[in-house]
Structure formats: structure tokens, C-alpha cells
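Descriptive analysis of the structure
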Amino acid sequence: MTRNGIGIRTAQVRSERLTGQIHVYDGVGKGKSQAALGVVLRSIGLGINAESNFHRVLLLRFLKGPERDYDEDGAIAALQRGFPHLIDQVRTGRAEYFGHDKITPFDRAEAARGWDVAKGAIASGLYSVVVLDEINPVLDLGLLPVDEVVNTLKSKPQELEIITTGRAAPQQLLDIADLHSEMKPQHHPTAKALLIEGIEIYTGAGKGKSTSALGKALQAIGRGINHPGSTRVLIMQWLKGGSGYTEDAAIAALQQSYPEVVDHLRCGRDAIVWRNSRQELDYVEAERGWEIAKTAIASGVYKTIILDELNPTVDLELLPVEPIVQALLRKPKDTEVIITGRCQNQPAYFDLASIHSEVYCHKHYANQGVELKRGVDF
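The model shown is predicted, which means the values in this text are computed figures rather than measured ones.

Attention shifts here to the overall build of the protein chain. Along the backbone of the protein chain there are 12 helices and 12 strands. Since a compact globule built from 378 residues should have a radius of gyration of about 21 Å, the 20 Å found for the protein chain is in line with a globular shape. Dimensions of the protein chain, computed from the C-alpha atoms along their principal axes, are close to 55 × 45 × 40 Å. For the protein chain, long-range pairs separated by at least 24 residues make up 84% of all intrachain contacts whose partners lie at least 6 apart in sequence. For the protein chain, the exposed surface amounts to about 15,500 Å²; the carbon and sulfur share of it is 51%. Measuring between centres, the 43 positive side-chain charges of the protein chain sit 1 Å from its 47 negative side-chain charges.

Here it is as C-alpha cells:
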């Protein structure tokens, strides 16, 4: 049977890789650090239900000094309190942006401190995932020697997953990467002309769309934890029925501690849906998800709404486009809606996006026959 259209892999039981990969998320579009946070959420979720202790994550954040608060801080702190054996966080540098002409001795010292932590973590064998958030611009600014960083990453333990983020990744790093996703911004004059804000779209063939949305959800949950009553989050996921998604456990843990902050729902069969394999249940499930999402958008109750894999759901013609356009046009001004997924034909609601990142796939280990990994890819 010829597969026609876009299919989304579900979390059905399948073989998975043991060897860790090197991921690079770069580009001037939005979603790089969010993608790393999404992987953190999945990895912690895997560790919550795993019998072994080998699911510890290090979130090492360069250029994000502790004197500034970030939205995700509350959620990360909550996960650290609940599962201190699963996540460590280290922040270095100063919070404000600076260029080559504004580098200070403090910046060099903080970059070196962060790299010392990274080298120790990579060599320790204590972590399954090490996130080097914003190390790409650190290298571009010359705050760390590129050769040393590249050689350290090349000699990492075989099972360790390493994720680097930020603009301007040096070519030497891209050369050793197993995965390279570039976030490219797309601009929509209609959204600007209509003064539409708060609609973000992540699409494209590269890895990082759903993980960016999960990272965005983690940021919003953290905002709700730090400022009670300020936000409520809905994560609505299409084409991802069944169980086995590792982020579910971490989200459920946050729900248990902060039930007033986050709701999470899935719809769809536990099967890959192609255009020529659609079943009646696929339409029913897609519509069920949209009824929930439409009500949430209109209500104003939720300040952040994740519509994960809505794009391929529309591309597969499981949902019509016009009701989505109308719902987005009528959304409350202070409600942000994040839409993800690849699609062959951009639906009309793309014109309403105030932020649109096209995730380009320069490298992906799956294209080399490498299996996906639980806790990282799903």
C-alpha cells in the first residue's frame, strides 16, 4: 500500500536505540531553548516510572544568570523538589544580551565555570541527558575554545545524549552533530496588519516542533506556579493516542501538585494515520479534540493553549480549516495559542501567526537508520 500524506509516529512499542546522539538546535527563529526544555520534560517523565536511576538530566544554562527570572523556573524548581534525583540545573553568565564589543572578564570567567561543570558532568556517567543551553552563541562570541568543546563532545560516553542550543553554532560543532535542526522565522503580513498577537506556529521537517511546544508548556506552567492565578495551561495533542509518551508522567506530577495550573489531553488512535488509511474513528477523535480546544480558546480560562500536531490533522483532512481560523480570530487577546506539526500545504490560519518558526532538517539520525529513543524523541 502506498503511503499518501503525513503520518505521526505514536508511542507504540518498538525497538529503540541505546547510543546517545549529539543534537544541535540553532537559527534565528524561536524554539531552540524550548526544544531543549521539552526533552528535559520527557527525560524526567521517563525517570519517574523507570526502575533504574539512569535517567538524570543536567540543564546547564549559559548566558542566563540567576539575577533574572525566567518563566520556566517555577516548573523546574517544582520538578526538582518532587524528583531531586532526576534533575540538576546550573545557570551561568549575566542575563542581558551583549555582543563581541561588550565582553567582560566576568563573561569569560562565567563561561569557563559553566564549561567546567559540563566537562565534569559528561565524564561522570551520572547523566543520561546533558543540555548545554545557549552554548552555541558562547562559542560564537569566543568565550570558549571551539576545538576543546568539540573534542570533549566527540569523546562523550556512548549512551549520553547531548543537546546544544542557540544561534550561530560553529561549523565544527555542526560537523559532529547527529541531529541539526535550524529554526527559521517566517513572517506573515496579515497578522501584522490585523495586529494579531499570541499565535505561534512550529512546522517543518526538522525535529523540535512538539518538543518546543512542550518546552513552551513548561514555561507557562512555571509562570502559573510562580504567579498563582495568572495562567492556566491546556496541552491538547492530536494523532497521539494510546500510552507510552514519557512526558505524561512529568506533566501528571505537576498536575498533582498544581491541579489549578495544567490540563493535558490526547486524542487519536494508537496508530500512524496516513491519508489512505483513515478510519471513521480518526475523524471522531479529531473532532473531539477540536471541540475541547475550541471551547478552551473561547473561554479565556486558559492563557496558554498547546495544539500539538494540529497541522497534520488538518493536512490529513480530518478537520476543516475555516472553523480554526474563526476561533483564532476570536480568541481573547491575552490567550496565547501554540500550534505544531508538519504539513504539505499551509492552511489559512498560518497567516494569523505572529511567530512562525520553520524547523529545517539539516541532519536527523533517523534518516541514517538510527532508532528513536524513549525519553528523548517520545
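Next up on the list: empty space enclosed by the protein. Counting across every chain of the model gives 4 cavities of 30 Å³ or more. Reported here for the largest cavity is a volume of approximately 50 Å³. As for the largest cavity, its lining consists of F62, L63, T92, G93, R94, F98, D107, E110, A111, V138 and L143. The dominant element in the lining of the largest cavity, judged by the number of residues it contributes, is helix α3 (residues 105–124), at 3 residues. Here the lining of the largest cavity is built from residues that sort into 6 nonpolar, 2 polar and 3 charged. Estimated volume of the second largest cavity: approximately 40 Å³. Lining the second largest cavity we find W238, L239, C267, G268, R269, V273, D282, E285, A286 and L318. Its residues assigned to classes, the lining of the second largest cavity comprises 6 nonpolar, 1 polar and 3 charged.

This paragraph deals with the sheet that holds strand β9 (residues 262–266). In space, the 12 strands of this open sheet follow the order β3-β2-β4-β5-β1-β6-β12-β7-β11-β10-β8-β9, with mixed pairing throughout. The open sheet has two edge strands with one neighbour each: β3 (87–91) and β9. Ignoring which end each strand starts from, the neighbouring axes of this sheet average 15 degrees apart. Taken together, the 5 bridges between strand β8 (residues 233–237) and strand β10 (residues 304–308) define a ladder with parallel strand orientation. Residue V233 lies in a different strand from β10, and its bridge partner there is T304. Against the sheet, helix α2 (residues 73–82) touches β2 (57–61) and β3, its axis set at about 140 degrees to β3.

Attention now goes to the pattern of salt bridges. Following the criterion strictly, the structure yields 30 salt bridges and no others. For E72, the salt bridge identified is with R61, shortest N-O distance 2.4 Å. In this pair, E72 sits in the loop between β2 and α2 while R61 sits in strand β2, placing the two residues 11 residues apart along the sequence. A relative accessible area of 5% means that E72 is categorised as buried. Between E110 and R113 there is a salt bridge, and its shortest N-O distance comes to 2.9 Å. In this pair, E110 and R113 are both assigned in helix α3, 3 residues apart and thus about one turn of the helix distant. Residue class for E110 comes out buried when judged on its relative accessible area of 11%. Through salt bridges with shared partners, a single network forms among K30, D71, E200, K216, R223 and E336.

In summary, soluble globular proteins display a tendency toward joint burial of nonpolar side chains. L218 and I221 are the most contacted members of the largest nonpolar core, which has 48 residues in total. Every element with two or more residues in this core is listed here: α1 (32–49), β2, α2, β4 (129–133), β6 (179–186), α8 (209–226), β8 and α9 (247–257).

Take the side chain of H356 next. Locating H356 in the fold gives a position in strand β12 (residues 355–363). In this structure the side chain of H356 is engaged in a polar contact, spanning 2.8 Å, whose partner is the side chain of H188. Once residues within four sequence positions are removed from consideration, H356 is found in contact with K184, P185, Q186, H188, I201, T203, Q346 and F350.

Counting buried residues in β10 gives 5 out of 5 residues, a clear majority hidden from the surface. With burial as the criterion, each face of β10 is covered, one bearing T304, I306 and D308 and the other bearing I305 and L307. Relative to strand β11 (residues 336–340), β10 runs parallel, the two sharing 4 bridges. Within the sheet, the bridge partner assigned to I306 lies in β11 and is I338.

What follows concerns unusual backbone geometry. Both trends apply: most residues other than glycine have a negative phi, and most peptide bonds are in trans. One non-glycine residue, E134, lies in positive phi territory at about 65 degrees. Structurally, the position occupied by E134 is in the loop between β4 and α4 (135–140).

What follows deals with the side chain of S33. By the element assignment, S33 lies in helix α1. Residue classification places S33 among the buried residues on the basis of a relative accessible area of 15%. A polar contact is formed between the side chain of S33 and the side chain of D133, at a distance of 2.6 Å. Setting aside anything within four residues of it in sequence, one finds S33 in contact with K64, D133, E134 and T165.

Definitions and limits used
Residues numbered from 1 in each chain as written. Predicted model: local features only at pLDDT ≥ 70, side-chain atom pairs only at ≥ 80, totals over all residues. Heavy atoms only, no water. Helix = DSSP H or I, 4+ residues; strand = E, 2+ residues; numbered from the N terminus. Rg over C-alpha atoms; globule rule 2.2 N^0.38 Å. Contact = heavy atoms within 4.5 Å. Areas by Shrake-Rupley, 256 points an atom, 1.4 Å probe, with all protein chains shown as cover. Lys, Arg positive; Asp, Glu negative; His and termini not counted. Charge placed at Lys NZ, Arg CZ, Asp CG, Glu CD. 1 Å grid on protein atoms, 1.4 Å probe; cavity = no way out; pocket = protein on both sides within 12 Å on 5 of 7 lines; lining within 4 Å. Points joined across faces, edges and corners; volume = space filled by probe spheres on them. Nonpolar A, V, L, I, M, F, W, Y, C, P; charged D, E, K, R; others polar. Pairing = 2+ DSSP bridges. Axes fitted to C-alpha atoms, helices over the stretch in contact; angles between N-to-C directions. Salt bridge = Lys/Arg side-chain N within 4 Å of Asp/Glu carboxyl O. Buried < 20%, exposed > 50% of the residue type's maximum accessible area, 1.4 Å probe, protein only. Core = buried A, V, L, I, M, F, W, Y, C linked by side-chain atoms within 4.5 Å. Polar contact = N/O pair within 3.5 Å; in protein donor to acceptor, adjacent residues only side chain to side chain.

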